[in-house]
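Coordinates in review
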Amino acid sequence: MACRAMAEGGFTVSDDGSWLLFGELDFETVPSLLDHPDVALKAGKDIRVDFSEVTRVDSAGLALMIDWMQKAERAGLSITFQNVPEQLQSIARICDLDEILFKPRQDR
């Protein structure tokens, strides 16, 4: 399954259910990705998101991560982010969100 946000970014879902984000994650591409977790949440599966194919990201990528994390938590599921670009990690640190987004939860 593939979803393209505009022509520049999107994701694919692998056979194991992990999500591979690709292309640009910015204010143009992120809005079409916001509702994607509903598919996994309805299936009751924990979520693993891989950023290894992301070519450019801005603070909209951080907003996407927070939105997906909140949706997963409301559903009682975990979400993990892998291969997050350094630029996005820096934005998260500046906003004091790095521990929330990148540290494994002990209560699961």
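Residues numbered from 1 in each chain as written. Predicted model: local features only at pLDDT ≥ 70, side-chain atom pairs only at ≥ 80, totals over all residues. Heavy atoms only, no water.

Our focus in this paragraph is the overall build of the protein. Summing up its helical and strand segments, the protein has four helices and five strands in all. When its helices and strands are written in sequence order, the protein yields β-β-β-α-β-α-β-α-α. In the protein, buried positions account for 42% of the 108 residues. Long-range contacts, defined here as pairs at least 24 residues apart, represent 66% of the contacts in the protein between residues at least 6 apart. For the protein, the exposed surface amounts to about 6200 Å²; the carbon and sulfur share of it is 50%. (Helix = DSSP H or I, 4+ residues; strand = E, 2+ residues; numbered from the N terminus. Buried < 20%, exposed > 50% of the residue type's maximum accessible area, 1.4 Å probe, protein only. Contact = heavy atoms within 4.5 Å. Areas by Shrake-Rupley, 256 points an atom, 1.4 Å probe, with all protein chains shown as cover.)

Opposite charge on two side chains allows them to pair when their charged atoms are near. One pass over the full model with this rule turns up four salt bridges. In this structure, the salt-bridge partner of Arg56 is Asp26, at a minimum N-O distance of 2.7 Å. Of this pair, Arg56 sits in strand 4 (residues 47-57) while Asp26 is found in the loop between strand 3 (19-25) and helix 1 (37-43), placing the two residues 30 residues apart along the sequence. Among the residues examined, Arg56 registers a relative accessible area of 37% and is labelled partly exposed. (Salt bridge = Lys/Arg side-chain N within 4 Å of Asp/Glu carboxyl O.)

Let us now look at the pairing of strand 3. Taking burial as the measure, the seven residues of strand 3 include five buried ones, the bulk of the element. Two strands pair when backbone bridges link them, and strand 2 (residues 9-13) and strand 3 are joined in this way by five bridges, in the antiparallel orientation. Each bridged residue has a counterpart across the sheet, and for Gly10 the counterpart in strand 3 is Phe22. Between the antiparallel neighbours strand 2 and strand 3 lie five residues, among them Gly17 with a positive phi of about 90°. Alignment of strand 3 against strand 4, held across six bridges, turns out to be parallel. Paired with Leu25 across the two strands is Val57, which belongs to strand 4. (Pairing = 2+ DSSP bridges.)

Another aspect to go through is the nonpolar core. The tendency in soluble globular proteins is for nonpolar side chains to be buried side by side. Counting 26 residues, the largest nonpolar core has Leu21, Val49 and Phe51 as its most contacted members. With seven residues, the top contributor of residues to this core is helix 2 (residues 59-74). Look past the residues within four positions of Phe51 in its chain and what remains in contact with it is Leu21, Leu25, Met65, Phe81, Gln82, Asn83, Val84, Pro85 and Leu88. (Core = buried A, V, L, I, M, F, W, Y, C linked by side-chain atoms within 4.5 Å.)

A separate point is the confidence of the model for the protein. Per-residue confidence for the protein averages 82 on the pLDDT scale, and 84% of its residues sit at or above 70. Note on residues 1-7: pLDDT under 50 across the span, and 21 contacts to partners over four residues away in sequence or across chains. (pLDDT = per-residue confidence, 0-100.)

Right, let's get into helix 2. Along an α-helix, residues three or four positions apart point the same way, because every turn accommodates 3.6 residues. Helix length check: helix 2, at 16 residues, gives a terminal C-alpha distance of 23 Å against a target of 22 Å (1.5 Å per residue), a fit within 8%. Those residues of helix 2 that sit buried are Ala60, Gly61, Leu62, Leu64, Met65, Asp67, Trp68, Met69, Lys71 and Ala72. Positive backbone phi, at 75°, marks Gly76, one or two positions downstream of helix 2. (Expected span 1.5 Å × (residues − 1).)

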